Amino acid sequence: MTSSSTSKPDVHPLTFAFRCIGCGDTGASAGGNFRCTKCGDLLEIIYPRWQENKPNAMQLKSDWRERRLSLKPDDLSGVWRFRDLLPALDGKAEAITLREGNTPLYELPQCARIAGVPRLFAKHQGMNPTGSFKDTGMTVAATFARSAGFRWVACASTGNTSASMAAYAARGGLRSLVLVPDGKISWSKLSQALDYGAVTCQLRTDFDGCLQLLQELVQREPVYQLNSINPFRLEGQKTLAIELLEQLDWQPPDHIIVPGGNLGNSSAIGKALLEMRDLGLISRLPKLSVIQAEGANALVRTLREAAGKRLVSVHAETRATAIRIGNPASWKKAVHVLEATGGACEEVSEVEIAQAKAEIGAEGIGCEPASAVTLAGLKKLVKQKFVKPDETVVLVLTGNLLKDPDFTIDFHRGELFKGAENVNALSALRRPPIVLDANLDAVIRTLEHAEKEQPETP
Ligand code: F0G
């Protein structure tokens with residue numbers, strides 16, 4: 001093991017506990033499925049010590065700033081740098097880190113104009129080591145898997161979780177088992193899991209079927225599950241919000257918009273916002289909104305048809321394969337954070353997703369299709385006047401452009417919606433590759449044509 005992949009955070013031991021989000025029962029340990037033994041609901045991590053011994057907000061901000069100058073591996077991690085708000089490792093355990101987090105906050109002036117807001121930012125989680133936000137949760141959960149003595153870790157995945165888990169398992173000397181829906185994840189993500197050495201099973205089912213099977217597996221075998229049902233994952237993913245607020249000099253934006261699939265990430269970001277408000281790190285809460293694909297809109301329907309009281313599952317279908325999920329495990333946690341922050345939940349069409357993705361790409365940023373639902377959703381929320389014309393918005397871009405090249409190439413070649421109606425809006429955004437003989441005149445003619453047809457936007 002190299003010293004760059006493991007480190008020993010000097011955390012003051014803060015005790016943490018597991019609390020059931022349904023009946024509120026609290027305990028010091030969690031079973032393999034991270035569900036309450038009394039009522040079966042999901043568990044979350046809480047920090048009982050904060051009640052008598054609240055961490056000091058000024059001190060935290062100053063410690064976190066100071067750690068940015070440190071060369072210690074755990075300070076170089078954009079997750080463990082915020083370890084004061086994470087579960088403490090016991091004395092002997094070392095963190096498995098790939099220097100995750102530390103992701104850029106980009107301004108998107110063209111997309112802001114398109115959406116009709118004055119300031120629009122993208123917090124680009126696709127700039128994590130394996131190209132998605134999953135790494136921020138995986139460093140924490142994989143570390144706890146190892147310190148609990150597990151040899152095997154496993155996940156069901158639409159691709160990004162498996163890529164991330166396989167990498168962290170490999171760095172930490174653990175073996176990993178991946179369950180993915182056959183033919184329904186991008187080759188890039190599959191190739192990552194293979195390269196990082198996971199045992200990869202392509203199951204003839206969808207994501208929900210893979211997750212169901214994993215739940216049964218962890219009851220039978222000593223395998224530690226690293227899906228976002230695992231509350232350690234969500235603690236790590238909280239740091240996205242902490243880092244974002246630090247980048248904004250602790251001035252909360254009016255809105256944060258995030259894609260919704262299994263709904264772990266929105267739950268984690270919401271939890272972080274509420275904790276930061278309770279600890280006095282921020283003085284007001286941004287509204288956290290969740291956007292889903294129309295074909296995978298379980299949370300939208302849960303709120304519209306059941307007022308957030310019971311899950312309305314759907315048979316999921318979308319080209320944004322990362323969020324092709326019909327039975328989201330963390331729906332109750334997501335409903336809670338939407339209500340607590342006053343956020344909205346919207347759905348967007350396949351064409352709206354493709355258009356938004358190309359618009360983000362045209363700013364030189366790029367993201368995977370699932371991430372682009374955020375811009376598509378923002379346009380809708382502005383039209384509905386939920387987002388006001390003077391408000392600041394942050395989009396959480398969850399995955400890197402390179403995660404799904406087939407989608408991008410099909411889009412630019414005009415093959416994504418071949419034969420479909422109402423896709424004219426997309427043609428101006430397409431930049432198909434042009435095949436030419438190796439002839440200078442032909443290249444110059446192409447250049448002149450492009451100058452005439454696609455003048456630069458001011
Ligand atoms: N964006 C991307 C790029 C994702 O990979 C995912 C989820 C989401 C958004 C949705 O996040 O599930 O926390 O609501 N991907 C999972 C996976 C399910 O297996 O990689 P969520």
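Everything numeric here is computed off the predicted structure, so don't read it as measured data.

Some thoughts on the site of the ligand
Then comes step 1: Every one of the 20 residues lining the ligand counts as a neighbour, but Ser157, Thr158, Asn262, Leu263 and Thr398 are closest to it.
Then comes step 2: Contact between the ligand and Thr158: an oxygen atom at 2.7 Å from a main-chain N or O atom of the residue.
Then comes step 3: The fraction of the free accessible surface of the ligand (470 Å²) that becomes covered by protein chains is 99%.
Then comes step 4: For the shell around the ligand, the secondary-structure elements that each account for two or more residues are helix H5 (160-172) and helix H10 (264-278).
Then comes step 5: Class assignment for the residues of the shell around the ligand results in seven nonpolar, eleven polar and two charged.

A closer look at the sheet that holds strand E11 (residues 223-225)
Then comes step 1: Within the open sheet, the four strands sit side by side as E10-E9-E8-E11. Their pairing is parallel. With partners counted over all chains shown, the strands left at the sheet margins are strand E10 (199-203) and E11, one partner each. Each strand axis lies, on average, 25° off the axis of its neighbour in the sheet, ignoring direction.
Then comes step 2: With five bridges joining them, strand E9 (residues 175-181) and E10 adopt parallel strand pairing. From the neighbouring strand, Val178 faces E10, where its bridge partner is Thr200.
Then comes step 3: Those strands touched by H5 are strand E8 (152-156) and E9, and its axis lies near 170° from that of E9.

Focus: the environment of Gln225
Then comes step 1: Tracing the backbone through its elements, the reader meets Gln225 in strand E11.
Then comes step 2: Taking the relative accessible area as the measure of exposure, Gln225 reaches 0% and is therefore buried.
Then comes step 3: Through-space distance from the C-alpha of Gln225 to that of Arg171 is 17 Å; in sequence the pair is 54 residues apart.
Then comes step 4: Those residues in contact with Gln225 that lie beyond four places of it in its chain are Gly32, Asn33, Phe34, Ala154, Leu214, Gln215, Val218 and Asn230.

Things to note about unusual backbone geometry
Then comes step 1: One non-glycine residue, Asn102, lies in the positive phi region at around 55°.
Then comes step 2: Counting through the fold element by element, Asn102 comes out in the loop between strand E5 (95-96) and strand E6 (105-107).
Then comes step 3: Residue Lys385 is not a glycine yet carries a positive backbone phi of 65°.
Then comes step 4: Inspection of the secondary structure puts Lys385 in the loop between helix H14 (369-383) and strand E15 (392-397).
Then comes step 5: The exposure class of Lys385 is exposed, given its relative accessible area of 64%.

Here we look at the packing of helix H13 (residues 350-361) against H14
Then comes step 1: Two elements in contact, H13 and H14, have axes separated by 7 Å at closest approach and are oriented at 100°. By the angle between their directions, the pair H13 and H14 is classed as roughly perpendicular. The residues of H14 that touch H13, namely those facing Glu352, Ile353, Gln355, Ala356, Lys357, Glu359 and Ile360, are Pro369, Ala372, Val373, Leu375, Ala376, Lys379 and Lys380.
Then comes step 2: Each residue belonging to the contact of H13 with H14 can be placed in one class, and the counts come to eight nonpolar, one polar and five charged.

Regarding a nonpolar patch on the surface
Then comes step 1: A surface patch of nonpolar side chains, about 270 Å² in accessible area, is lined by Ile434, Leu436 and Val443.
Then comes step 2: Residue class for Leu436 comes out partly exposed when judged on its relative accessible area of 39%.

A closer look at the packing of aromatic side chains
Then comes step 1: Inspection of every chain in the model, using the stated rule, returns ten aromatic pairs.
Then comes step 2: When the ring of Phe34 is compared with that of Tyr224, the centres are 5.8 Å apart and the planes differ by 90°; the resulting orientation is edge-to-face. Residue Phe34 is located in the loop between strand E3 (26-27) and strand E4 (43-46), and its partner Tyr224 is located in strand E11; the two are separated by 190 residues in the primary sequence.
Then comes step 3: For Tyr224, a relative accessible area of 8% puts it in the buried group.
Then comes step 4: On the numbers, 4.5 Å between centres and 15° between planes, the contact of Tyr47 with Trp50 is stacked.
Then comes step 5: Since its relative accessible area comes to 11%, Trp50 is described here as buried.
Then comes step 6: Counting every residue linked through ring pairs, the aromatic cluster contains Phe16, Phe18, Phe144 and Phe232.

With respect to the pairing of E15
Then comes step 1: Within E15, five of the six residues are buried, which leaves it mostly tucked inside the rest of the structure.
Then comes step 2: Relative to E15, strand E7 (residues 119-124) is paired through six bridges, and the arrangement is parallel. In the sheet register, Arg119 faces E15, and the bridge partner there is Thr392.
Then comes step 3: Where strand E12 (residues 255-259) and E15 come together, three bridges link them in parallel fashion. If you follow Ile257 over to E15, its bridge partner there is Leu395.

So, how was this worked out
- Residues numbered from 1 in each chain as written.
- Predicted model: local features only at pLDDT ≥ 70, side-chain atom pairs only at ≥ 80, totals over all residues.
- Heavy atoms only, no water.
- Near = heavy atom within 4 Å.
- Polar contact = N/O pair within 3.5 Å; in protein donor to acceptor, adjacent residues only side chain to side chain.
- Areas by Shrake-Rupley, 256 points an atom, 1.4 Å probe, with all protein chains shown as cover.
- Helix = DSSP H or I, 4+ residues; strand = E, 2+ residues; numbered from the N terminus.
- Nonpolar A, V, L, I, M, F, W, Y, C, P; charged D, E, K, R; others polar.
- Pairing = 2+ DSSP bridges.
- Axes fitted to C-alpha atoms, helices over the stretch in contact; angles between N-to-C directions.
- Contact = heavy atoms within 4.5 Å.
- Buried < 20%, exposed > 50% of the residue type's maximum accessible area, 1.4 Å probe, protein only.
- Parallel < 35°, antiparallel > 145°, perpendicular 65-115°, else oblique.
- Patch = residues over 30% accessible without salt bridge, like charges linked within 9 Å, V, L, I, M, F, W, Y side chains within 5 Å.
- Salt bridge = Lys/Arg side-chain N within 4 Å of Asp/Glu carboxyl O.
- Phe/Tyr/Trp six-rings, centres within 6.5 Å; stacked < 30°, edge-to-face > 60°.

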